[in-house]
Protein chains: 2
Amino acid sequence: MKFKEKLYKYSELIIKKGLNIKEGDILVIRSQVKNIDFVNILAEIAFKEGASDVKINFRDENFSKLRYEYVSEDVLKDIPQHFVDEQNYYMDKKAKFLSLTGEDPNLFKDIDSEKLKISMIANSTALKSFSDKMMNNETSWCVAGAAVSSWAKVVFPDLSEDEAVDKLWDLIFYTSRTDSEDPVKEWEKHISDLKKRSAFLNESKFALFEIKSDNGTDLKLKMPKNYFFAGAEDTNAAGETFIANIPTEEVFSMPHKLGVDGIVYNTKPLNLNGSIVDDFFLKFADGKVVDFHAEVGYEVLKNLLDTDEGAKRLGEIAFVPYDSPISNTNVMFYNTLYDENASCHLALGKAYPSSIKGGDKLSAEELEALGANDSLVHVDFMIGDKSTNIWGYTEDGEKIQIFKDGNFII
Amino acid sequence: MKFKEKLYKYSELIIKKGLNIKEGDILVIRSQVKNIDFVNILAEIAFKEGASDVKINFRDENFSKLRYEYVSEDVLKDIPQHFVDEQNYYMDKKAKFLSLTGEDPNLFKDIDSEKLKISMIANSTALKSFSDKMMNNETSWCVAGAAVSSWAKVVFPDLSEDEAVDKLWDLIFYTSRTDSEDPVKEWEKHISDLKKRSAFLNESKFALFEIKSDNGTDLKLKMPKNYFFAGAEDTNAAGETFIANIPTEEVFSMPHKLGVDGIVYNTKPLNLNGSIVDDFFLKFADGKVVDFHAEVGYEVLKNLLDTDEGAKRLGEIAFVPYDSPISNTNVMFYNTLYDENASCHLALGKAYPSSIKGGDKLSAEELEALGANDSLVHVDFMIGDKSTNIWGYTEDGEKIQIFKDGNFII
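Rules of the game
- Residue positions are given per chain, counted from 1 along the sequence in the order it is written.
- Whichever chain is written first is A, and whichever ligand is written first is 1; the rest continue in order.
- In keeping with the predicted nature of the model, local features appear solely for residues at pLDDT of at least 70, side-chain atom pairs appear and are counted solely at 80 or more, and the whole-chain, interface and lining totals rest on all residues.
- Water and hydrogen atoms play no part in the side-chain values, which are based on all heavy atoms of the structure.
- Copy-to-copy superposition: least squares on the C-alpha atoms, limited to residues that have pLDDT of at least 70 in both copies.
- Working rule for contacts: check all heavy atoms of both residues, and any pair within 4.5 Å makes them a contact.
- A patch consists of residues exposed above 30% relative accessible area that lack any salt bridge, with like charges linked at up to 9 Å and nonpolar side chains (Val, Leu, Ile, Met, Phe, Trp, Tyr) linked at up to 5 Å.
- Only the protein chains shown count as cover for residues, and all accessible areas are computed by the Shrake-Rupley method using a 1.4 Å probe.
- Definition used for salt bridges: Asp or Glu carboxyl oxygen within 4 Å of a side-chain nitrogen of Lys or Arg.
- Note that His is not counted, nor are the chain ends; the positive residues are Lys and Arg, and the negative ones are Asp and Glu.
- Lys charges are placed at NZ, Arg charges at CZ, Asp charges at CG and Glu charges at CD.
- Elements are defined by DSSP. Helices are runs of H or I of four residues or more, strands are runs of E of two residues or more, and each kind is numbered from the N terminus.
- Partly exposed residues are those whose accessible area sits between 20% and 50% of the maximum for their type, while under 20% is buried and over 50% is exposed, using a 1.4 Å probe and protein chains only.
- Here a polar contact is taken to be a pair of N or O atoms separated by no more than 3.5 Å, where protein atoms must pair a possible hydrogen donor with a possible acceptor and residues adjacent in sequence count only if both atoms sit in side chains.
- Aromatic rings from Phe, Tyr and Trp, with only the six-membered ring used for Trp, were paired whenever their centres fell within 6.5 Å, and each pair was classed as stacked if the ring planes differed by under 30 degrees, edge-to-face if by over 60, and tilted otherwise.
- To qualify as a nonpolar core, a set must consist of buried Ala, Val, Leu, Ile, Met, Phe, Trp, Tyr and Cys residues joined through side-chain atoms within 4.5 Å.
- One bridge is not enough; two strands pair if DSSP finds at least two bridges between them.
- Note on method: axes are straight lines fitted to C-alpha atoms, helices fitted across the in-contact stretch only, with angles between N-to-C directions ranging 0 to 180 degrees.
- In these notes the angle categories are as follows: under 35 degrees is roughly parallel, over 145 is roughly antiparallel, 65 to 115 is roughly perpendicular, and the rest is oblique.
- Put simply, a crossing is left-handed when the front helix is turned counterclockwise from the back one by less than a right angle, and right-handed when it is turned clockwise.
- All amino acids are sorted into three groups, where Ala, Val, Leu, Ile, Met, Phe, Trp, Tyr, Cys and Pro are nonpolar, Asp, Glu, Lys and Arg are charged, and the leftover types, Gly among them, are polar.
- Joining two parts hides part of their accessible area as seen by a 1.4 Å probe, and the buried area is that hidden amount summed over both.
- Here, expected helix span is obtained from the residue count minus one, scaled by 1.5 Å.
- The directions from the helix axis to the C-beta atoms form the arc being described.

### What to know about the relation of the copies chain B and chain A
- With an RMSD of 0.0 Å, the fit of chain B onto chain A corresponds to turning through 180° and sliding 0.0 Å along the axis. In symmetry terms, the pair is related by a two-fold rotation axis. Distance from the rotation axis, computed per C-alpha, reaches its smallest value in chain B at B:His82: 2.5 Å.
- Looking at the interface residues of chain B, 100% of them are also at the interface in chain A, so both copies use one shared face.

### Points about a negative patch on the surface
All names here are of chain A.
- A surface patch of like charges, here negative, comprises Glu 73, Asp 74, Asp 78, Asp 112, Glu 114 and Glu 299.
- By the secondary structure assignment, Asp 78 is in the loop between α4 (73-77) and α5 (81-92).
- A relative accessible area of 41% means that Asp 78 is categorised as partly exposed.

### Here's the deal with helix α3 (residues 61-70) of chain B
- Residues B:Glu61, B:Phe63, B:Leu66 and B:Tyr68 constitute the buried set of α3(B).
- Between the side-chain oxygen at the start of α3(B) and the backbone nitrogen of B:Asn62 there is a gap of 3.3 Å, and the oxygen is on B:Asp60.

### So, the packing of aromatic side chains
All names here are of chain B.
- Counted under the stated rule, the structure contains 57 aromatic pairs over all chains.
- Centre to centre, the rings of Tyr 89 and Tyr 90 are 4.9 Å apart; their planes meet at 90°, and the pair counts as edge-to-face.
- Judged by centre distance (6.3 Å) and plane angle (90°), the ring pair of Phe 319 and Phe 408 falls under edge-to-face. Separated by 89 residues along the polypeptide, Phe 319 in strand β16 (residues 314-319) and Phe 408 in strand β21 (residues 407-408) bring together distant segments of the chain. Pair check on accessibility: Phe 319 and Phe 408 agree, each one buried.

### Brief notes about the nonpolar core
- By size, the foremost hydrophobic cluster in this structure holds 228 residues, and its most contacted members are A:Tyr10, A:Leu282, A:Phe319, B:Tyr10, B:Phe209, B:Leu282 and B:Phe319.
- Residue contacts for B:Phe209: discarding those within four places in its chain leaves B:Leu201, B:Leu219, B:Lys220, B:Leu221, B:Met223, B:Phe229, B:Ile317, B:Phe319, B:Ile390, B:Trp391, B:Gly392 and B:Ile402.
- The next biggest cluster of nonpolar side chains, apart from the first, holds 20 residues, and it includes B:Val84, B:Tyr90, B:Trp141 and B:Ala244.

### A few points about the sheet that holds strand β2 (residues 53-59) of chain A
All names here are of chain A.
- In spatial order, the strands read β2-β1-β3-β4-β10; together these 5 strands make up an open sheet with parallel pairing. Two strands close off the open sheet at either side, each with one partner strand: β2 and β10 (245-246).
- Alignment of strand β1 (residues 26-32) against β2, held across 7 bridges, turns out to be parallel. Directly across from Ser 31, in β2, lies its bridge partner Phe 58.
- Helix-sheet contacts for α5 involve β1, β2 and β3 (96-101), and the interaxial angle to β2 is about 150°.

### Topic: unusual backbone geometry
All names here are of chain A.
- Of the consecutive residues Ile 246 and Pro 247, the connecting peptide bond is found in the cis state with omega at 5°.
- Phi angles above zero are rare outside glycine, and Asn 137 is one such case at about 60°.
- Here Asn 137 shows up in the loop between α7 (128-135) and β4 (141-145).

### Digging into the packing of helix α1 (residues 3-18) of chain B against helix α10 (residues 183-204) of chain B
Residues and elements named next belong to chain B.
- For the pair α1 and α10, the least separation of the axes is 10 Å and the interaxial angle reads 50°. When the axes of α1 and α10 are compared, the pair comes out oblique. α10 is crossed by α1, and the crossing has right-handed handedness. Residues Lys 9, Leu 13 and Lys 17 of α1 form the contact with α10, whose participating residues are Pro 183, Val 184, Trp 187, Glu 188 and Ile 191.
- Along the lines of polarity and charge, the residues of the contact of α1 with α10 split into 5 nonpolar, no polar and 3 charged.

### A look at the pattern of salt bridges
- Tallied over the full model, the rule gives 59 salt bridges over all chains.
- Between A:Asp53 and B:Arg67 there is a salt bridge, with the nearest N and O atoms lying 2.7 Å from each other. Taken together, the residues A:Asp53 in strand β2 and B:Arg67 in helix α3 connect one chain to another.
- Judged by relative accessible area, which is 25%, B:Arg67 ranks as partly exposed.
- Connected via shared salt-bridge partners are A:Lys128, A:Asp132, A:Lys350 and A:Asp374.

### Points about the interface of chain B and chain A
- With 28 residues of chain B at the interface, the matching set in chain A holds 28 residues.
- Surface buried jointly by chain B and chain A totals about 2600 Å² across both partners, of which 66% is contributed by carbon and sulfur atoms.
- The interface formed by chain B and chain A includes 2 salt bridges.
- Where chain B packs against chain A, one counts 6 residue pairs in polar contact (both at pLDDT 80 or more).
- When contributions to the side of chain B that touches chain A are tallied by element, the ones reaching two or more residues are α2 (36-48), β2 (53-59), α3 and α5 (81-92) of chain B.
- By residue number, the principal contributor to the side of chain B that touches chain A is α2(B), which donates 6 residues.
- Grouping the amino acids of the side of chain B that touches chain A by side-chain chemistry returns 15 nonpolar, 4 polar and 9 charged.

### Quick look at the packing of α1(B) against helix α9 (residues 161-175) of chain B
Residues and elements named next belong to chain B.
- It is at 10 Å that the axes of α1 and α9 come closest, and there the two elements cross at 40°. Comparing their axes, α9 and α1 come out oblique. The way α1 lies across α9 gives a crossing that is left-handed. The residues of α9 that touch α1, namely those facing Phe 3, Lys 6, Leu 7 and Tyr 10, are Trp 169, Asp 170, Ile 172 and Phe 173.
- Tallied by class, the residues present in the contact of α1 with α9 amount to 6 nonpolar, no polar and 2 charged.

### Some details on the environment of A:Glu295
Residues and elements named next belong to chain A.
- Turning to its location among the elements, Glu 295 is positioned in strand β15 (residues 288-296).
- When its relative accessible area of 58% is taken as the criterion, Glu 295 is described as exposed.
- With 16 residues separating them in the primary sequence, Glu 295 and Asp 279 have C-alpha atoms 5.3 Å apart.

### Digging into the sheet that holds β2(B)
All names here are of chain B.
- In space, the 5 strands of this open sheet follow the order β2-β1-β3-β4-β10, with parallel pairing throughout. One side of each edge strand has no neighbouring strand; the edge strands of this open sheet are β2 and β10 (245-246).
- With 4 bridges connecting them, strand β1 (residues 26-32) and strand β3 (residues 96-101) associate as parallel partners. What sits directly across from Ile 29, in β3, is Leu 98.
- Sheet strands touched by α1: β1, β3, β4 (141-145) and β10. Its angle to β4, the strand with the most contacts, is close to 165°.
- Strand contacts of α5: β1, β2 and β3, with the helix running at about 150° to β2, the strand carrying the most contacts.

### Points about helix α10 (residues 183-204) of chain A
Residues and elements named next belong to chain A.
- Compared with the 32 Å implied by 1.5 Å per residue over 22 residues, the 32 Å span of α10 between its first and last C-alpha is a close match.
- Pro 183, Trp 187, His 190, Ile 191, Leu 194, Ser 198, Leu 201, Asn 202 and Ser 204 are the residues of α10 that are buried. The buried residues of α10 occupy an angular sector of 165° when projected down its axis, which confines them to one face. Along α10, exposed side chains directed more than 90 degrees from the buried face belong to Lys 185, Lys 189, Lys 196 and Glu 203.
- Looking one or two places after α10, you find Lys 205, whose phi comes out positive at around 45°.

Functional significance is not addressed by these values, which are geometric in nature.
This is the structure:
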C-alpha cells in the first residue's frame, strides 16, 4: 500500500470506528497546523459520513513556544471567557472531539516551568467542567497520532528528517492496525480480546493489586467497590461506542484514592506537555505521594504534584503486556499515547467515572465517597517492564498472579 | 538579498510601520495555515517590539471550500456567539489586527453562490459592530500579502509551482518597497508623496468628479461636503499612525451616496471572496445601481448587490495612476489588495468615516446625513486604465482635469 492509501485507511478508522461519526454529528478536530492535509482528509470522510459541521482548532508548536518565551504570567493566567464558551458550546451540542497528538517531546525544555504551571492550571481550571464531561464520556472523543518532523527527529535521531517522518508514520499505521487488509475487522477482534481481559478482571473482584518489578517498584493498590475494567471501546451518553485512544492496548480501571502504598519507578520517559520527566520514583502512603524524585525534569514533576490535592493521588491503573505490538517495536515514542500502550501504567490525578460500574451516572460526591480521585490533571506514566509481576488479592484473601515477567498469565 | 532577509524586512515593515506595534499591544493575525513560518516571524518581531500577546486566527482555503461543499445553509446562517465575542474582546482591548491575504482566486468557483451569499451576510451581520469600529480606525489594522501556491499558479500559469511562488514573493517584496535598502525610509517618502496628492484634492474642494475611459465608462460622482482624501497612512483613535494596506498607491475618499450617475466598466477582474467577477458594468442613477451585467460571475455580482440597500451604492472613490509600481509590473494579481493599487477604483458598500473631515467622531446618523453610505459590505473594484481621464468640478463650476490618459496631471 502506498502512503496515501494507508493514511486514508487510518483516517477512515479514526472517523468511523474511533469517533463513530453519524449523520448530523459535529466534529471538532484539534491539530497542529502542519497536519492540515491529513485534517482535510479526516474532515472530508466525516462529511461523507453525514457530519453536519467540522470545526478545526489549530495550534502550532513553534508559536506556542515563542508565546511562552515572551508573554507574562498575568497574560497566561487570563483565559478569555469566549474561549471557555467555545468549548462548552461544542460540548453542549455533543460534538465529537478528535485530538491529533504529535509534538517535539522537548518543546518546552527551556521554558520557565513556573510559566508552564500557571498556564496549565489556568486552562485546566477554566475548562474543568468541559473536561469532566469529556472524561465522563458525555460525548465521543478520540486521541490519535500524526507524525510531524519535530517529533520524528527525536524518535529517530539517526535518520534524515524525511526518513524519520516516513518511519514514524509507518509505526503509526502499524500500531493502529491500519496496515492490514481490513482494519475495522482487526479492531473488532482486538476489542473483543481486550474485553475478555477486562471481563476476567471484573469478575475476579480483586480487592487489591500488588505490582513488583526488578527496578524496585513495590506497590499495593486497593481497589474501590464495584471497580470496572474497560478496554479499547467506550460508550458515550447516547449509547454510541467509540475508541478513545488509537492505538490502545490497555485495560484500565481506578485504584481507591486512599489505598495506594509503596514505591513505584518509571520505566519510560514521560513527556509532560512538552517537557521530559525521567528516572523518577513516587512513594505513596495512604494513596498520597509522600516522597518523590526525578533525575530529569524534577521541577516539572514537582509542579504537577503541586497542582492540587488530587494531583498527588492516583486516578488510573492500566495493564499492558510487555509482549504487545507497540512494545515489540522497541521504539521509545516520547509520546504518552504510544508509550502508555507499550507498558503497564498509572495516572496521577482525576479518575474516569467509568472505572466504577455505573459511575457515569454518579455525582462528584458519590464518586468521591467510593474512592474516585478528582483533580485538574490526569497524567499517565509508564511503570511496566519485562520484569513486572502483578498479583491480585481477592476479598477473601486469595492471591492470584495475573502478570508474570511482564505479561498476562490469565 | 536572500529570500529570508527580504521576508524579514517585509515582516519588520508590517509590524513596525504597518501596525506600529508598541509596548503592551495585542496583535491578532489572520492567516492561512500555510503561512505559519511567516506568521511566526511576524509574531516574534511583534513580541520584540513589546507586544503583550499575539493571537493567531488560522484558516485553510481547502478546508473552507470543503466545508462549503458539505454544510447546510442553516449551519452557515448560525454564527456562534462565542465567535462574535472573541472578535469584540480583541477590539475592546484595542488589539492591532493583521490580515494576510493570498488565496486561490477561483477557490469558490464551483460553490453554490447562494451558500456564499448566506454565509457572507451571516458573518457580516454578526460582526457589523466589530467591522464598523475597524473601518472607523478605532484601532490599527493592516492587510498585507503572502504568497501561497494556489494563488501563484493562477497569477503565473506558465511557471512551475515553485517558480510561481518565488516570483509572486518577489513581486510582494517589490510592490511593498521592501527590496530596497531602507524600506521604512522609502515608505516615509511614499507617504509624503501621497499626502501631497490628498492635500491638493482636499484643498480644491471639488463638488463633483467626472470619469471617462475608452471602454465606455462615463460617470459623474458628487462629493459630500467636507470630504477628505487620505492616502497610505491612517491614524487610530489613540492617535497612532498605521498603514492599512501594504502595498498602497491610492488616495481615496467617498462620493455622496445619492450623487452617482452614469455607467462604469471594470478594467480588471474582481476576486470577490474566492469567485471571479469580470467584464461587468454598473449603471447608476441618483447614486444607486439601476442596471448591471457581468459576463463572468453574474450571480456573484447580483448577490453582492442584493446584500442590502447600501450594497447598490458607492462608499469609496480612489485615484491610482496608471504609471505606478504595481501597475507597471503588468501582472494581473486576481487579488484586490494588489489590483486596486494598480488602478483607479470605486467600492460598493460602506464608506470609511475618515473620508469625511472629523468623520470618526460622528454618529451613524450624522454620517448618513452627510451622504456617507452604509452597508454590510465594502467591495473595491477596478475601473482605471491608460485611457482614463478625470475632471474635478469646483463648487463655482470650474472644470479642472486631474487625470489625463491614466495619470495624474496635478
